[in-house]
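# Remarks on the overall topology
Given next are the chains, with one letter for each unit.
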Amino acid sequence: MKIDILNKWLTAVQSVFIIVGVGVALWQLLEISAQTRLQAQTLKQAQKTASAGLVLKLRRTLDDKRYDDITGEIQNHDHIYHLLVRADGGKGDGKYRDLDIERYIGNFEDMGYLIQEGLIDEKMAYNHFSYDIEKTWCNDDIRQIIGVARKDDKSTAAASDPIYGNFERLARQYLAKENQTCKNLDNQ
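Overview of the structure. The shown structure was predicted, so the numbers you read here are calculated from the model rather than taken from an experiment. (Residues numbered from 1 in each chain as written. Predicted model: local features only at pLDDT ≥ 70, side-chain atom pairs only at ≥ 80, totals over all residues. Heavy atoms only, no water.)

### Notes on a positive patch on the surface
Where we set the bar: Patches draw on residues past 30% relative accessible area with no salt bridge. Two like charges within 9 Å are joined, as are two nonpolar side chains (Val, Leu, Ile, Met, Phe, Trp, Tyr) within 5 Å. All accessible-area figures derive from a Shrake-Rupley calculation using a 1.4 Å probe, and residue coverage is judged against the displayed protein chains alone. For this analysis, a salt bridge means a side-chain nitrogen from Lys or Arg found within 4 Å of a carboxyl oxygen belonging to Asp or Glu. Neither His nor the chain ends is counted toward charge; the positive residues are Lys and Arg and the negative residues Asp and Glu. A single reference atom marks each charge: NZ on Lys, CZ on Arg, CG on Asp, CD on Glu. Only protein chains enter the area calculation, which uses a 1.4 Å probe; residues under 20% of their type maximum are buried, those over 50% are exposed, and those in between are partly exposed.
A cluster of basic side chains, namely Lys44, Lys48, Lys123 and Lys177, defines a positive patch on the protein surface. Residue lysine 177 is classed as exposed on the basis of its relative accessible area of 59%.

Structure, rendered in structure tokens:
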């Protein structure tokens, strides 16, 4: 009889400990969940800070003396304005070599890649660079250079990942978002 009572007490105590253990486990899961949310928020903030840093660095690059002239030439003229020198296939009195132009548009290609990979916030990039990208894409000489580069590209990835494809994607996306055409940009 005493063993029965002792067994019942031990079973009751064991049940209480199991319930307490389950409660502690649930509390720990809630704490882990809260920590995970906090870490996710911290990571998101760090990513935004890194994105802002990249955007500012790219802005400084484009505003640098190296690209100051070409940026001004593109933004202050219509889409048929000649940039490319005749020696590189230009049709007018352009003053830039194709290599200089390719270096310039390479910045937009890199930006497209960084946006695609989530390293730069899309909204931030749009706010800082949409006009630069749209005006550059719309220039006939720029399009000519891209066409030649794509024609000359004999790589196996040429069809699936064309040269300056990220730049083109951004330009088309921004123009569509603003319901603009290259001719509309000429009138701004």
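Still to come is the rest of the account.
### So, the environment of glutamine 28
Using the following cut-off: The helix and strand labels rest on DSSP assignments: H or I over at least four residues marks a helix, E over at least two residues marks a strand, and numbering proceeds from the N terminus.
You can see glutamine 28 is positioned in helix 1 (residues 2–63). Linking glutamine 28 and glutamate 178, residues 150 residues apart in sequence, is a C-alpha distance of 49 Å.

### Topic: the pattern of salt bridges
Using the criterion set out here, one finds seven salt bridges in the structure. The partner of aspartate 63 in a salt bridge is arginine 59, with the nearest N and O atoms 3.3 Å apart. Highlighted residues: aspartate 63 and arginine 59, both in helix 1, separated by four residues, approximately one helical turn. Where arginine 97 meets aspartate 88, a salt bridge forms, and the shortest distance between an N and an O atom there is 2.8 Å. Here the salt bridges share partners, and the residues they tie into one network are Arg59, Asp63 and Asp132.

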